[in-house]
Amino acid sequence: MGFEKFGVVSFTAQTRASDFIDYLEKGEIRGTKCNLCGRVFFPPRADCSWCMSKDVEWIEIKGQGTLISFTKVNYAPTGFEGDVPYILALVDFDGIKVFGRLSKDLPEDSVKVGMALKVTPLALPEDKLTYEFLPA
Ligand SMILES: [Zn+2]
């Protein structure tokens, strides 16, 4: 799953970071869709890792998703030590699987697989942007 590698730094290293951040600033969470084989990628990719096509487009991930699984993180990667503990979640949006953090406003004992969540941009210190899941 790669949960332990999640973070703004490692996340953006493998993607077209500036475009993704531009969309975040507009309040949109986007992945990419391959126009050749139709597969959807999140995090977004510059080309399709399935069929190698470079014909990809940005698609917005919105609406209501379903929590598939989650894990509590007690030990954070370098740069995120101050954030623990937090909950990382995998959420399905119409077949697009998005991983990220649950909002800290969500009590841990209320988190249940199958619950409805939405994804929304979140501003971090030092002008960084990320996103988090909130109850839908
Ligand atoms: Zn493809």
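Since the model is a prediction, treat every value here as computed from it, not as a measurement.

Thresholds applied
- Residues numbered from 1 in each chain as written.
- Predicted model: local features only at pLDDT ≥ 70, side-chain atom pairs only at ≥ 80, totals over all residues.
- Helix = DSSP H or I, 4+ residues; strand = E, 2+ residues; numbered from the N terminus.
- Buried ≥ 20, exposed ≤ 12 C-beta atoms within 10 Å, placed from the backbone.
- Contact = placed C-beta atoms within 7 Å.
- Pairing = 2+ DSSP bridges.
- Axes fitted to C-alpha atoms, helices over the stretch in contact; angles between N-to-C directions.

Q: What should I look at first to understand the overall build of the chain in this one?
A: Counting its secondary structure elements, the chain contains 2 helices and 8 strands. Looking at the chain as a whole, 21% of its 136 residues are labelled buried. Pairs at least 24 residues apart make up 50% of the contacts formed inside the chain by residues separated by at least 6 positions.

Q: What exactly am I supposed to notice about the environment of V73 here?
A: Along the chain, V73 turns up in strand β4 (residues 65–73). Once residues within four sequence positions are removed from consideration, V73 is found in contact with V84, P85, Y86 and L88.

Q: Looking at this model, I keep getting lost on the pairing of strand β7 (residues 116–124). Mind explaining?
A: As defined by bridge partners, β4 adjoins β7 across 2 bridges and the pair is classed as antiparallel. Within β7, the residue paired with T66 across the bridge is A116. Bridging between β7 and strand β8 (residues 128–135) involves 8 bridges; their strand directions are antiparallel. Note that in β8 the partner of L124 across the bridge is K128. A loop of 3 residues connects β7 with β8, the two strands running antiparallel in sequence, and E126 in this loop sits at a positive phi of about 65 degrees.

Q: Looking at this structure, I do not really get the sheet that holds strand β5 (residues 86–93). What am I missing?
A: Working definition: the strands of a sheet are paired by backbone hydrogen bonds and lie parallel or antiparallel to each other. The 5 strands are arranged β4-β5-β6-β8-β7 in a closed barrel whose pairing can be described as mixed. Across the sheet, the mean angle separating the axes of adjacent strands is 40 degrees when strand polarity is ignored.

Q: For this particular structure, what's the right way to read unusual backbone geometry?
A: As a rule of thumb, non-glycine residues mostly have phi less than zero, and peptide bonds are mostly trans rather than cis. With an omega of 0 degrees, the peptide bond between F42 and P43 qualifies as cis. One non-glycine residue, M52, lies in the positive phi region at around 70 degrees. Along the chain, the position of M52 falls in the loop between β2 (40–41) and β3 (56–60). One non-glycine residue, D94, lies in positive phi territory at about 50 degrees. Positionally, D94 belongs in the loop between β5 and β6 (96–102).

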